[in-house]
Amino acid sequence: MISKKMVGLVKGSSVIRAMFEEGKKMAQMYGAENVFDFSLGNPNVPAPQAVNDNIVKIVQEENSVVLHGYMSNVGFEDVRDAIAKSLNKRFDLDLEAKNIVMTVGAAGGLNVIFKTLLDPNDEVITFAPFFGEYKNYVSNFDANLVVVNPNPPTFEPDYVDFEKKISEKTKAVLVNNPNNPTGIIYKKEWIEKIASILEKKQKEYGTSIYLISDEPYRELVYGGEEVPYLTKYYRNTIVGYSYSKSLSLPGERIGYLVIPTQIDDYEDVFAAAGVATRILGFVNAPSLQQKLIKECLDEKTNIEAYNKNRIRLYEGLQECGFECVKPEGAFYLFMKAPIEDDSEFVKVAKEYNLLLVPASSFGVKGYVRIAYCVSYDTIERSMTAFRKLAQRYGLIK
Ligand code: PLP
């Protein structure tokens, strides 16, 4: 018998993953070129050449016992030092190796920091729409995810609802910037408002409320918009980063947490994060990937490929009469369903071989998410299907 808790989790298991599996089946039935699978955020842009070159170089040149061996649970010191220096240069910060914990991607990092901070029945606040896995990550530690109401069509946080939902039980607030699923960027002014509410509430309750910034899409930004570095706006900030999207390495599982010295109880938090890394069973982040990252700190993905997709998709959907949130970052487009029931709309879209994700998986109703990390050709060819879908709802003739 599996645990009662897992029974519920398996039942509610990711709609997105189920769709991905369905997409593979449909491709077999109709031919891959006739199925438009926009379900999963799996980068289609290959990792930069330097990634493969450096893997070979590291394997050939590094001491094999050190390279493949155990290390400190928080990761190799030289790698953490290099990451800290790179962040200092980019964002004018003051970090050292002692502020970096290497993690098994963003998912690993969030689980490590939640294990570090959360007691049962503590609360973590996030803003709708949000990455659906957050609920599971928080429930792993018997804490509760509290969701701030969505604020369409801009999806700027609803500050009044946010303030109302902060309580003595609030241990952390989780923001995701650039955002999955909306593709919007949380602007500097938005962050300032969040920070000032948190400062006020920390004083009111005499507690520490940590702001956790989940940033796997930090490098995927179009049109020069600035993604604020949150440690500059709020003292108790912890940042989670991942190379899954920025270097197209989601299967390799590598990222890091930034735990600044300035946060409340820094020494305890950092030490506990190392222990959490070990006892969650990660032990440490993959060693070869850590060494790789050190060599690839200045490497960039082909952002232009995503940008071309973004523009074609956004303009094409608007021509079809669909209402869309203009994507500013990540590789998702958030589109309003022409009917209230987004799951029903997704079912109808499937009749045209369009695989979209209902926004109810992200805590919002009436929208769908379209992941445009696919080939340009797929976007181009999907337009006929989108046009037919729009005609079905009378959006165009
Ligand atoms: N956070 C968000 C917002 C994501 O979209 C994802 C993956 O899609 C993750 C975290 C997990 O990323 P990783 O592969 O780095 O664990």
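Treat the numbers as computed from the prediction; the structure is a model and nothing was measured.

> Can you explain the side chain of Thr-378? Please cite residues and give values.
In this fold, Thr-378 is placed in helix α14 (residues 376-392). Side chain to side chain, Thr-378 and Ser-375 meet in a polar contact 2.8 Å long.

> Break down helix α3 (residues 49-61) for me, citing the residues and quoting the values.
Compared with an ideal rise of 1.5 Å per residue, which puts 13 residues at 18 Å, α3 spans 18 Å between its outermost C-alpha atoms and is within 8% of the ideal. The complete set of buried residues in α3 reads Ala-50, Val-51, Asn-54 and Ile-58. All buried residues of α3 project into a common sector of 95° when viewed along the axis, lining one side. Looking at α3, the residues exposed on the side facing more than 90 degrees away from the buried face are Gln-49 and Gln-60. Looking at the packing, one finds that the buried side of α3 touches α4 (64-67) and α11 (287-295).

> Quick rundown of the pattern of salt bridges? Include the residues and the values.
Applying the stated criterion across every chain, the model contains 18 salt bridges. Between Glu-77 and Arg-80 there is a salt bridge, with its nearest N and O atoms 3.8 Å apart. Placement of the pair is Glu-77 and Arg-80 together in helix α5 (residues 77-91), with a separation of three residues, close to one helical turn. Under the relative-accessibility criterion, Glu-77 is labelled exposed at 54%.

> I'd love a proper account of the site of the ligand, names of residues and values included.
In the region of the ligand, 14 residues are neighbours, and Ala-106, Asp-214, Tyr-217, Ser-242 and Arg-253 sit closest. Note that an oxygen atom of the ligand is positioned 2.9 Å from one of the backbone N or O atoms of Ala-107. Within the contact set of the ligand, an oxygen atom lies 2.8 Å away from a side-chain nitrogen or oxygen of Asn-180. Here the ligand has 390 Å² of accessible area as a free molecule, and 91% of this is covered by the chains.

> Please set out the domain arrangement of the protein chain residue by residue, giving values where relevant.
The domain boundaries assigned to the protein chain delineate domain 1 (4-48 + 301-392) and domain 2 (49-295). Relative placement of domain 1 and domain 2: their C-alpha centres are 26 Å apart. Listed per partner, the contact involves 31 residues of domain 1 and 40 residues of domain 2. Carbon and sulfur atoms supply 60% of the area that domain 1 and domain 2 bury against each other, a total of about 2,700 Å² over both sides.

> Which residues make up unusual backbone geometry, and what values do they have?
Backbone torsion omega between Ala-128 and Pro-129 reads -5°, so that peptide bond is classified as cis. With respect to the secondary-structure elements, Pro-129 resides in the loop between β3 (123-127) and α7 (133-139). Residue Pro-178 is reached from Asn-177 by a cis peptide bond, and omega for that bond is -15°. Structurally, Pro-178 can be placed in the loop between β5 (170-176) and α9 (188-205). The residue Asp-92 is not glycine, and still its phi comes out positive at about 55°.

> Run through the environment of Lys-200, naming residues and quoting values.
By secondary structure assignment, the location of Lys-200 is in helix α9. Look at Lys-200 and you get partly exposed, because its relative accessible area is 44%. As a C-alpha pair, Lys-200 and Glu-163 span 37 residues in sequence and 9.6 Å in three-dimensional space.

> For the packing of α3 against α11, give the residues involved together with the corresponding values.
Orientation of α3 relative to α11, taken along the N-to-C sense of each, is 120°, at an axis distance of 9 Å. Classed by the angle they form, the pair α3 and α11 counts as oblique. Crossing of α3 over α11 shows right-handed handedness. Touching Val-51, Asn-54, Ile-55, Lys-57, Ile-58 and Val-59 of α3 are Leu-288, Lys-291, Leu-292 and Glu-295, all from α11. Of the residues that constitute the contact of α3 with α11, the class distribution is six nonpolar, one polar and three charged.

> Describe in detail the sheet that holds strand β9 (residues 324-325), supporting the description with residues and values.
Taken together, four strands build an open sheet; the order of strands is β9-β10-β13-β12 and the sheet is antiparallel. Both outer strands of the open sheet, β9 and β12 (357-358), are each paired with one neighbouring strand and no more. Note that β9 and strand β10 (residues 332-336) share two bridges and pair antiparallel. In the strand pairing of β10, Val-325 is matched with Phe-334.

> If you had to explain the state of the cysteines to someone new, which residues and values would you point to?
By the definition in use, this model includes zero disulfides. Among the cysteines around Cys-373, which has no disulfide bond, Cys-324 carries the closest sulfur, lying 17 Å off. For Cys-373, a relative accessible area of 4% gives the class buried.

Each value, and the rule that gives it
- Position labels on residues start from 1 in each chain and follow its written sequence.
- For a predicted model such as this one, the threshold for reporting local features is a pLDDT of at least 70, and the threshold for listing and counting side-chain atom pairs is 80 or more; totals across whole chains, interfaces and linings nevertheless cover every residue.
- Based on all heavy atoms of the structure, the side-chain values leave hydrogens and waters out of the count.
- Runs of E in the DSSP output that reach at least two residues are strands. Runs of H or I that reach at least four are helices, and both are numbered from the N terminus.
- Counting of polar contacts relies on pairs of N or O atoms within 3.5 Å, with two restrictions inside protein: one atom must be capable of donating a hydrogen and the other of accepting it, and residues adjacent in sequence are counted only when both atoms are side-chain atoms.
- Each helix should span, by expectation, one fewer than its residue count multiplied by 1.5 Å.
- Here the term buried applies to any residue with accessible area under 20% of the maximum for its type, exposed to any over 50%, and partly exposed to those in between, with areas from a 1.4 Å probe on protein chains only.
- Starting at the helix axis, one direction is taken to each C-beta atom, and the arc is that of these directions.
- We call two residues in contact whenever any of their non-hydrogen atoms come within 4.5 Å of each other.
- Salt bridges are defined as contacts in which a side-chain nitrogen from Lys or Arg sits within 4 Å of a carboxyl oxygen from Asp or Glu.
- What makes a residue near a molecule or strand is one non-hydrogen atom of that residue sitting within 4 Å of it.
- Each accessible area is a Shrake-Rupley result for a 1.4 Å probe, and residues are judged covered by the shown protein chains and nothing else.
- The split of the chain into domains comes from an automatic or database domain assignment.
- Computed with a 1.4 Å rolling probe, the buried area is the accessible surface lost when two parts are put together, summed over both parts.
- Axes here refer to lines fitted to C-alpha atoms; in helices the fit is confined to the stretch in contact. Angles between the N-to-C directions go from 0 to 180 degrees.
- Orientation labels follow simple angle bins: below 35 degrees gives roughly parallel, above 145 gives roughly antiparallel, 65 to 115 gives roughly perpendicular, and whatever is left gives oblique.
- If you view the pair so one helix is near and one far, a crossing is left-handed when the near helix is turned anticlockwise from the far one by less than a right angle, and right-handed when it is turned clockwise.
- Residue type decides the class: Asp, Glu, Lys and Arg count as charged, Ala, Val, Leu, Ile, Met, Phe, Trp, Tyr, Cys and Pro as nonpolar, and the leftover types, Gly among them, as polar.
- Here a strand pair is declared whenever DSSP counts at least two bridges between the two strands.
- When two cysteine sulfur atoms are found within 2.5 Å, that pair is recorded as a disulfide.

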